[in-house]
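# Notes for the structure review
For reference, the chains in residue letters:
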Amino acid sequence: MTLLDTSILRPNKTLRQSIEEWKGRNTMIMIASMKQKLESGQEEEEEILNILGELHALCEETDQHREWVILENYIPILIQLLGAKNREIRKRVLIILCILAKDSDDAKERTIIVESAIENIVRSLGRRPEERKLAVALLLELSKCNSARECIGKVQGCILLLVTMSNGDDNQSARDAEELLAILSFCDQNVIQMAKANYFKHFLDRLSTGPEDVKKKMAMNLAEMELTEHNKESLFEGGVLHPLLGLVLHDDIDMKRVAIRALRNLSSLPKNGLQMIREHAERPLLGLLFSRNMSHSSLQELIAATIMNLATSTVSQDSNQPPVSFLESDEDISTLFSLVSFTGPNVQIDIIRTFHILCQSRSSTNIKAKLIEFSALPVLVQLCENNNLKLRANSINLFCCLADGVDEAIILEHVNQKFIETVIQIIKSSDDNDEIASAIGIISTLPEIPGINQWVFDAGALPLIIRKLKNGQQNGPFKNQLIENAVGAICRFTVSTRLEWQQRTAEAGIITELVHLLESGTGLTKQRAAIALSRFSESSSRLSRPLPKSKGIWCFAPPPETGCPVHRGICGIVSTFCLVEADAVIPLVRILSEPDPGACEASLDALLTLIEGEKLQNGSKVLDNLNAIQPIIKLLSSPSPRLQEKTLSALERIFRQIEFKQKYGGFAQMPLVDLTQRGNGSVKSLAARILAHLNVLHDQSSYF
């Protein structure tokens, strides 16, 4: 316990050096002995963890210790331990490897050359957050060595895991992963792998600023990638459009081709297609397609397919967004359609599809008018006889679209008996339900004039279309369209002026089918079914047979037949086309409450055939018994002036009868008053006349 005077003490450098040497030898011996234990493979997990803990502490102490560990060839053993099941063992190994690799090119090289070293480290990227954080830090350190960069990018799943981590919640891991991806982007193939993993930063850089051959490679891969909708959206948000358009204008034809292939791929997403139209991306495409020097059919096909994608995007626009129009220029419409006569079938098909799609967009009226003006109909008539089934089917689809609502004189100019026979043959022989539906649609939209009706009938259309209608009620992608068009086509055989056609149609059981469709069809199907039933009903009065007079002594005679409550004779579904016998009245009444004004009007027309002429009293009673009069009165509030006027005409007749005036007059009064104030001239006058029937106005009043 004697205090020493430190001022007279001097360090013993020799002794200190000996002690350090002794400690160093001791540490070297300890490092060697620990290695032997790890190599033996007989240690328990707990002991391995203790050894790794001591090794970690030694590596943290001095550079010399790290050097001794490296020289002792620990790295292969540590790499092997990355395959251990124990998570803590793997984590400690990753920490030690990262310490050894830091600032030591030798350690990096020794790590890389160990068999499956990089694969084992990458495997840890797919494990729990702590472990993958250590693994990405180690890979980032190793990537400072050129040979490591080559290896890391080639390990299966590595780039995908790094991309996933770059979007993760751990900020440090995300930064390390992003930095490592930037380092790996030295290789084009790695950049492509990143793009396939939905990481487009370096891919877009290459596409925008890389050498010509690299741009071409990127565009080619973009054209061939199976991109998800999210991928396509991300690329456009990243600015892919402008570099691709730049390549479209390149002098090299192969460069143009890969760029347009890429645009075709990306434009299949409607959002991207709309963006392309907003930025006028179609101009260079149409310029190439319209060029007189364009002799590359494959390039024409790519452009036509891309143009079709752009057209498709206009149909799916959000109604809340400003509308985007496509092909508004008369010159563009005329020139594009003219190519149908000068190009191969694949280009023809896509051009025709483009116009068919645009005929269903917001600009459909203008497109249809321009196509008819530019003589599309005679071209389509010829193509409907083409041997290429896809071309024929698409031509039928577009013709059906254009024929709907076209001036009768124009149709008659181009439609003849031969064309109708061709269309009927397509209905009979085609396996394409879309084509069949459109071909029947052509029959349904042609003007209902005697000449055309006779051609259609003579071609055997009636039994064929009835058969298609019955088969069409099974499920299928074009079920509704086929049924709508079939019912429309059948309407031309139900005109009351051709009783023999009505009878043929009724004998095929079509009236029952039409009544069923009043319940289950689309709005257009219901409208057309009601029109057909209305026409049938127009013939019922003259076909209804009088009731037989009773003979013999009345007390022994069978009870007399009551007959039809409307026609007061013997009626039937097939024999007289009677709506009451067909149980059609209640379905027709239900339609009066539906929002579709076309279906409502057609149903009202059919119901009003029951109160025509002498049938007024009997028909009104039937409508009353089946609760039809109140729904008819409700139509006074319809937004359609035409429907209001028809309703007023019907009520004016019904309310001539005191019974119905007293029963329903109060219910009708307020809507009628409203019409006298807000309706147009004829509606006001009719409403006022009915109010006079109801004693609300003086019957001599001329105010309205």
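In this text the structure is predicted, and so the values were computed from the model without any measurement. (Residues numbered from 1 in each chain as written. Predicted model: local features only at pLDDT ≥ 70, side-chain atom pairs only at ≥ 80, totals over all residues. Heavy atoms only, no water.)

Turning to the overall build of the protein, a few remarks are in order. A count of helices and strands for the protein gives 43 helices and 0 strands. At 42 Å, the protein has a C-alpha radius of gyration far larger than the 27 Å of a compact globule built from 704 residues. Expressed as lengths along the three principal axes of its C-alpha atoms, the size of the protein is roughly 155 × 70 × 60 Å. Scored against the burial criterion, the 704 residues of the protein give a buried share of 51%. At a minimum sequence separation of 6, the contacts of the protein that also span at least 24 residues come to 68%. Taking the 76 positively charged and 86 negatively charged side chains of the protein as two groups, their mean positions are separated by 5 Å. (Helix = DSSP H or I, 4+ residues; strand = E, 2+ residues; numbered from the N terminus. Rg over C-alpha atoms; globule rule 2.2 N^0.38 Å. Buried < 20%, exposed > 50% of the residue type's maximum accessible area, 1.4 Å probe, protein only. Contact = heavy atoms within 4.5 Å. Lys, Arg positive; Asp, Glu negative; His and termini not counted. Charge placed at Lys NZ, Arg CZ, Asp CG, Glu CD.)

The end-to-end C-alpha separation of helix α38 (residues 597-608) is 16 Å, in line with the 16 Å expected for 12 residues at 1.5 Å each. Taken as a whole, α38 has its buried residues at Gly 598, Ala 599, Cys 600, Glu 601, Ala 602, Ser 603, Leu 604, Ala 606, Leu 607 and Leu 608. The elements touched by buried residues of α38 are α34 (523-538), α37 (585-591), α39 (616-625), α40 (629-634) and α41 (641-654). Where α38 begins, the capping side chain belongs to Asp 596, and its oxygen is found 2.9 Å from the backbone nitrogen of Gly 598. (Expected span 1.5 Å × (residues − 1). Polar contact = N/O pair within 3.5 Å; in protein donor to acceptor, adjacent residues only side chain to side chain.)

A few words on the domain arrangement of the protein. In terms of domain boundaries, the protein breaks down into domain 1 (21-186) and domain 2 (494-543 + 567-626). Centre-to-centre separation of domain 1 and domain 2, based on C-alpha positions: 85 Å. (Domains from an automatic or database assignment.)

The next thing to look at is the environment of Leu 623. Within the element layout of this structure, Leu 623 appears in helix α39. Look at Leu 623 and you get buried, because its relative accessible area is 0%. Taking the C-alpha atoms as reference, Leu 623 lies 8.0 Å from Val 585; in sequence the two are 38 residues apart. Not counting chain neighbours up to four residues away, the residues in contact with Leu 623 comprise Val 585, Leu 607, Leu 610, Ile 611, Ala 628, Ile 629 and Ile 632.

This part takes up the environment of Ser 540. Along the chain, Ser 540 falls in helix α35 (residues 540-543). Taking relative accessible area as the criterion, Ser 540 reaches 0% and is therefore assigned buried. Sequence separation between Ser 540 and Ala 599 is 59 residues; the distance between their C-alpha atoms is 22 Å. With residues up to four places along the chain from it excluded, the contact list for Ser 540 reads His 567, Thr 576, Phe 577 and Cys 578.

Here we come to the packing of helix α8 (residues 129-142) against helix α11 (residues 171-184). Here α8 crosses α11 at 30°, and the two axes come no closer than 9 Å. With respect to their mutual orientation, α8 and α11 come out roughly parallel. Read as a crossing pair, α8 and α11 show a hand that is left-handed. Contacts from Lys 133, Val 136, Ala 137, Leu 139 and Leu 140 of α8 reach α11 at Gln 172, Ser 173, Asp 176, Ala 177, Glu 179, Leu 180 and Ile 183. Within the contact of α8 with α11, the residues separate by chemical class into 7 nonpolar, 2 polar and 3 charged. (Axes fitted to C-alpha atoms, helices over the stretch in contact; angles between N-to-C directions. Parallel < 35°, antiparallel > 145°, perpendicular 65-115°, else oblique. Left-handed = near helix turned anticlockwise from the far one by under 90°. Nonpolar A, V, L, I, M, F, W, Y, C, P; charged D, E, K, R; others polar.)

With that settled, consider helix α24 (residues 376-383). Of all 8 residues that make up α24, 6 are buried, and the element is covered over most of its length. Listed in full, the buried residues belonging to α24 are Ala 376, Leu 377, Val 379, Leu 380, Val 381 and Leu 383. Of the surrounding elements, those touching the buried residues of α24 are α21 (330-338), α22 (345-358), α23 (364-373), α25 (389-403), α26 (408-414) and α27 (417-429).

Take the packing of aromatic side chains next. Throughout the structure, instances matching the rule amount to 6 aromatic pairs. Taking the centre distance of 6.1 Å and the plane angle of 55° together, the rings of Phe 457 and Phe 493 count as tilted. Taken together, the residues span a long stretch of sequence, with Phe 457 in helix α29 (residues 450-458) and Phe 493 in the loop between α31 (479-491) and α32 (499-507) at a distance of 36 residues. Phe 493 carries the same exposure label as Phe 457, and that label is buried. Consider the rings of Phe 493 and Trp 501, whose centres lie 5.9 Å apart with planes at 70°: the pair is edge-to-face. (Phe/Tyr/Trp six-rings, centres within 6.5 Å; stacked < 30°, edge-to-face > 60°.)

The next thing to look at is the pattern of salt bridges. For the coordinates displayed, the defined rule picks out 32 salt bridges. Between Asp 188 and Lys 217 there is a salt bridge, with the nearest N and O atoms lying 3.5 Å from each other. Taken as a pair, Asp 188 in helix α12 (residues 188-196) and Lys 217 in helix α14 (residues 212-224) lie far apart in primary sequence, 29 residues in all. By relative accessible area, Asp 188 is classed as buried at 17%. A salt bridge links Arg 590 to Glu 519; the nearest nitrogen and oxygen atoms lie 2.7 Å apart. Here Arg 590, found in helix α37, pairs with Glu 519, found in helix α33 (residues 510-520); they are 71 residues apart in sequence, far enough to count as distant. Glu 519 gets classed as partly exposed once you look at its relative accessible area, which sits at 45%. (Salt bridge = Lys/Arg side-chain N within 4 Å of Asp/Glu carboxyl O.)

Attention now goes to the environment of Lys 615. Tracing the sequence through the fold places Lys 615 in the loop between α38 and α39. It is 60 Å that separates the C-alpha atoms of Lys 615 and Leu 339, two residues lying 276 residues apart in sequence.

As a further point, take the packing of helix α10 (residues 158-166) against α11. Two numbers describe how α10 lies on α11: the axes approach to 7 Å, and their chain directions differ by 135°. The angle between α10 and α11 places the two elements in the oblique class. Seen along the crossing, α10 lies across α11 with a hand that is left-handed. Residues Ile 159, Leu 162, Val 163, Met 165 and Ser 166 of α10 form the contact with α11, whose own contacting residues are Ser 173, Ala 174, Ala 177, Glu 178, Leu 180, Leu 181 and Leu 184. Of the residues assigned to the contact of α10 with α11, the class counts are 9 nonpolar, 2 polar and 1 charged.

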